[in-house]
Amino acid sequence: MTEKALVILAAGKGTRMNSDLPKVLHPVAGAPLLVHAMKSGAMLEPARTVIVTGHGAEAVAKAASDWDEEAVSVLQEEQLGTAHAVAQARPALEGFEGDVFVLYGDTPFIRPETLEAMAEARLRHDVVVLGFEAADPGRYGRLLMQGEVLEKIVEFKDASEEERAITLCNSGVIAADAKVLFDLIDAVGCENAAGEYYLTDVVGLARARGLSATAVACPEEETMGINSRAELAQAEAAFQTRARAQAMEDGVTLTAPETVFFAHDTVVGRDTVIEPNVVFGSDVTVESEAHIRAFSHLEGCHVSRGGVIGPYARLRPGAELAEDVKVGNFVEIKAARIDRGAKVNHLSYIGDAEIGEETNVGAGTITCNYDGVFKHQTRIGARAFIGSNTMLVAPVSVGDDAMTGSGSVITQDVEPGALALARAKQVNKPGFARKLFEMLKARKAKATKEAQ
Ligand code: UD1
Ligand code: MG
């Protein structure tokens with residue numbers, strides 16, 4: 001099989017985003033646009049991935065290597081055009097033999113099937129371009145076809161009236177053998193309306209050399225490029241629409257699909273039910289037959305089979321919930337492992353903790369994990385009962401089958417089977433309340449009289 005390399009163009013400024021953040025780092029579904037492009041390119045199992053950076057190069061390179069540590073970033077100091085951009089990848093592809101696929105950092109939605117169709121077309125043609133039938137062809141480059149053969153790409157600025165009438169447009173995505181592509185790019189000049197080195201010129205140059213070129217067409221929505229905040233919002237909406245449909249197809253019940261927001265990497269198992277207004281941050285796995293109730297927010301966590309979460313629950317990074325765990329309303333869990341069948345049902349904060357099987361954590365319980373400088377662990381064993389409003393001042397542990405009395409402030413370890421009480425002793429004073437009421441009422445009556 002032919003080896004593949006990815007070159008992702010991401011040097012542009014993105015002026016219309018009106019942002020300090022480089023355009024390709026704006027997120028859709030919790031991941032930078034660039035990561036979406038890298039994810040779609042990943043289906044080619046590229047031997048090398050090269051990101052061409054320019055504006056905000058450092059930040060863009062970091063995002064690329066955070067996602068794929070093998071990705072190499074190169075700098076295009078001046079943006080002289082798309083052919084010039086691809087040429088910057090050449091040193092990073094030294095010694096590579098195979099096909100180069102050029103993708104765009106601001107074009108997040110190319111489907112694997114589409115790249116597969118391009119790879120397939122490459123078996124028959126030297127250069128393969130991804131095109132689409134544009135509803136409004138606007139300023140896109142136009143594909144000049146003769147039957148199956150792509151003769152040339154003409155940029156809008158350089159096109160005649162007749163050429164502008166063509167609706168088959170250039171997505172920008174292109175594939176060719178590395179050596180062929182760089183040889184062609186060497187021949188690209190900048191005598192055109194924009195004074196830029198157009199990558200699109202490689203097609204005409206290839207044809208002039210007797211090489212063959214063709215176009216593969218995909219639905220227009222795949223080629224959607226993001227240039228403004230409005231387009232970013234449209235991309236988010238398009239992503240969510242697809243993710244919701246996919247979840248339902250995968251056997252997940254969404255009571256009100258339009259109110260559920262997925263991240264780019266959310267995994268939800270079959271027969272899980274997701275109620276309205278649930279939001280997923282990145283890195284969440286929910287297994288089968290779980291129930292995520294309304295208004296819950298999940299991020300960086302794992303909910304096992306049969307878990308019931310919410311309503312109004314917040315699972316933060318490192319929340320690891322075993323089977324049949326229940327987390328109820330206004331409960332926040334962070335960096336904590338909750339074992340099978342344990343319950344934290346009301347108004348609690350559990351952070352940097354371990355809770356054993358079948359343990360019940362009463363309402364209002366808090367793991368006091370932070371001393372202002374360091375974070376500390378709380379360990380609670382199996383089948384324990386934590387009384388309501390217990391403060392667990394970490395580091396601290398509560399053994400298996402132990403109990404804490406409601407309102408306790410637990411600062412010392414509790415051994416297995418023990419009952420820990422750590423609160424002021426109650427004192428009852430007979431008749432005292434009645435006397436106090438009388439005294440206060442008399443005081444109020446006197447004050448009212450004086451005021452008249
Ligand atoms: C390009 C295509 C056009 C196609 C359109 C699809 C060329 C000459 N034209 O036009 O046929 O219809 O995309 O959207 O290729 N970039 C760099 N360095 C540069 C120039 C561009 O990294 O020097 C990056 C940009 O950041 C952007 C992408 O390449 O992500 C496309 O560049 P852009 O200037 O938007 O090209 P278009 O004029 O839209
Ligand atoms: Mg563009």
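Residues numbered from 1 in each chain as written. Chains lettered and ligands numbered in written order. Predicted model: local features only at pLDDT ≥ 70, side-chain atom pairs only at ≥ 80, totals over all residues. Heavy atoms only, no water.

Trainee: Give me the side chain of T359: which residues, what numbers.
Mentor: Topologically, T359 is positioned in the loop between β26 (349-355) and β27 (360-361). Residue T359 is classed as buried on the basis of its relative accessible area of 1%. Here G381 takes part through its backbone oxygen, which lies 2.7 Å from a polar atom of the side chain of T359. A distance of 2.8 Å separates a polar side-chain atom of T359 from the backbone nitrogen of A384. (Helix = DSSP H or I, 4+ residues; strand = E, 2+ residues; numbered from the N terminus. Buried < 20%, exposed > 50% of the residue type's maximum accessible area, 1.4 Å probe, protein only. Polar contact = N/O pair within 3.5 Å; in protein donor to acceptor, adjacent residues only side chain to side chain.)

Trainee: Describe the layout of surface pockets, and please don't skip the residues or the numbers.
Mentor: As a volume, the largest pocket reaches approximately 1,500 Å³. Among the elements of the structure, β1 (4-10), α3 (82-87), β10 (168-177) and α8 (229-249) are those that each provide at least two residues to the lining of the largest pocket. The element best represented in the lining of the largest pocket is β10, accounting for three residues. Here the lining of the largest pocket is composed, by residue class, of 15 nonpolar, 17 polar and 11 charged. Taken together, 27 residues line the second largest pocket, and the ones lying closest to its centre are F239, R242, A243, Q246 and H264. Among the elements that make up the lining of the second largest pocket, the one with the highest residue count is α8 (seven residues). Residue composition of the lining of the second largest pocket, grouped by class: 13 nonpolar, five polar and nine charged. Summarising the domain contributions, the lining of the second largest pocket has at least three residues from each of domain 1 (4-223) and domain 2 (229-420). (1 Å grid on protein atoms, 1.4 Å probe; cavity = no way out; pocket = protein on both sides within 12 Å on 5 of 7 lines; lining within 4 Å. Points joined across faces, edges and corners; volume = space filled by probe spheres on them. Nonpolar A, V, L, I, M, F, W, Y, C, P; charged D, E, K, R; others polar. Domains from an automatic or database assignment.)

Trainee: Could you give an account of the environment of V260, with specific residues and numbers?
Mentor: As for its position among the elements, V260 is in the loop between β12 (253-254) and β13 (267-268). Judged by relative accessible area, which is 0%, V260 ranks as buried. In this structure, the C-alpha to C-alpha distance between V260 and C368, residues 108 residues apart in sequence, is 32 Å. Here V260 is in contact with Q240, R244, I274, E275, V278 and F280, once residues within four sequence places are set aside. (Contact = heavy atoms within 4.5 Å.)

Trainee: Please give an account of the side chain of T114 that cites residues and values.
Mentor: With respect to the helices, strands and loops of the structure, T114 is situated in helix α4 (residues 112-122). Discounting residues that sit within four places of it in the chain, T114 has contacts with L130, C218 and E222.

Trainee: Quick one: what's the story with empty space enclosed by the protein, residue by residue and with numbers?
Mentor: Inspection of the entire model under this criterion finds one cavity of 30 Å³ or more. Approximately 40 Å³ is the volume found for the largest cavity. Counting residues per element, the lining of the largest cavity draws most heavily on β10, at four residues. Its residues assigned to classes, the lining of the largest cavity shows six nonpolar, three polar and no charged.

Trainee: An account of a nonpolar patch on the surface is needed here, citing residue identities and associated values.
Mentor: Taken together, the side chains of F295, Y312, F330 and L347 make up a nonpolar region of the molecular surface, amounting to roughly 420 Å² of accessible area. Within the secondary structure, Y312 sits in the loop between β20 (308-309) and β21 (313-315). For Y312, a relative accessible area of 39% gives the class partly exposed. (Patch = residues over 30% accessible without salt bridge, like charges linked within 9 Å, V, L, I, M, F, W, Y side chains within 5 Å. Areas by Shrake-Rupley, 256 points an atom, 1.4 Å probe, with all protein chains shown as cover. Salt bridge = Lys/Arg side-chain N within 4 Å of Asp/Glu carboxyl O.)

Trainee: Before we move on, can you summarise the packing of helix α1 (residues 33-41) against helix α2 (residues 57-67) with the specific residues and values?
Mentor: In contact at an axis separation of 10 Å, α1 and α2 are set at 45° when each is read in the N-to-C sense. Classified by the angle their axes make, α1 and α2 are oblique. For the crossing formed where α1 meets α2, the hand is right-handed. Between α1, through L34, V35, M38 and K39, and α2, the contact on the second element is made entirely by V60, A63, A64 and W67. For the contact of α1 with α2, the class distribution of residues is seven nonpolar, no polar and one charged. (Axes fitted to C-alpha atoms, helices over the stretch in contact; angles between N-to-C directions. Parallel < 35°, antiparallel > 145°, perpendicular 65-115°, else oblique. Left-handed = near helix turned anticlockwise from the far one by under 90°.)

Trainee: Lay out the site of ligand 1 in plain terms, naming residues and giving numbers.
Mentor: As a structural note, the neighbourhood of ligand 1 is formed by 19 residues, with G12, Q76, T82, E155 and N170 the closest of them. Between G81 and ligand 1, the recorded distance is 2.9 Å, taken from a backbone N or O atom to an oxygen atom. Note that an oxygen atom of ligand 1 is positioned 2.6 Å from one of the backbone N or O atoms of N170. Coverage of ligand 1 by the protein amounts to 77% of the 750 Å² it exposes when considered alone. When atoms are counted within 2 Å of each cavity's grid points, the one that captures over half of ligand 1 is the largest pocket. Of all elements in the fold, only β1, α3 and β10 reach the threshold of two or more residues within the shell around ligand 1. Across the shell around ligand 1, the residue classes break down as eight nonpolar, nine polar and two charged. (Near = heavy atom within 4 Å. Sits in = over half its atoms within 2 Å of the grid points.)

Trainee: Before we move on, could you go through the pairing of strand β6 (residues 99-104) and cite the residues and values that matter?
Mentor: For β6, a buried count of six out of six residues is recorded, marking the element as mostly surrounded by other parts of the structure. Note that β1 and β6 share six bridges and pair parallel. Following the sheet pairing, L6 is matched in β6 by F101. Pairing between β6 and β10: four bridges, direction antiparallel. In the strand pairing of β10, F101 is matched with A175. (Pairing = 2+ DSSP bridges.)

Trainee: How would you sum up the pattern of salt bridges? Please name residues and give values.
Mentor: One pass over the full model with this rule turns up 20 salt bridges. Residue E120 is joined to R124 by a salt bridge in which the shortest nitrogen-to-oxygen separation is 3.7 Å. For E120, a relative accessible area of 42% translates into the label partly exposed. The partly exposed category is assigned to R124, whose relative accessible area is 49%. Three or more residues joined by partner-sharing salt bridges are found here, namely R111, E113 and E222.

Trainee: Outline the sheet that holds β12, listing residues and values.
Mentor: The strand order β12-β14-β17-β20-β23-β25-β27-β30-β33-β35 describes an open sheet built from 10 strands, whose pairing is parallel. Looking at which strands have only one partner, the edges of the open sheet turn out to be β12 and β35 (419-420). Taken together, the two bridges between strand β14 (residues 273-274) and strand β17 (residues 291-292) define a ladder with parallel strand orientation. Paired with I274 across the two strands is I292, which belongs to β17.

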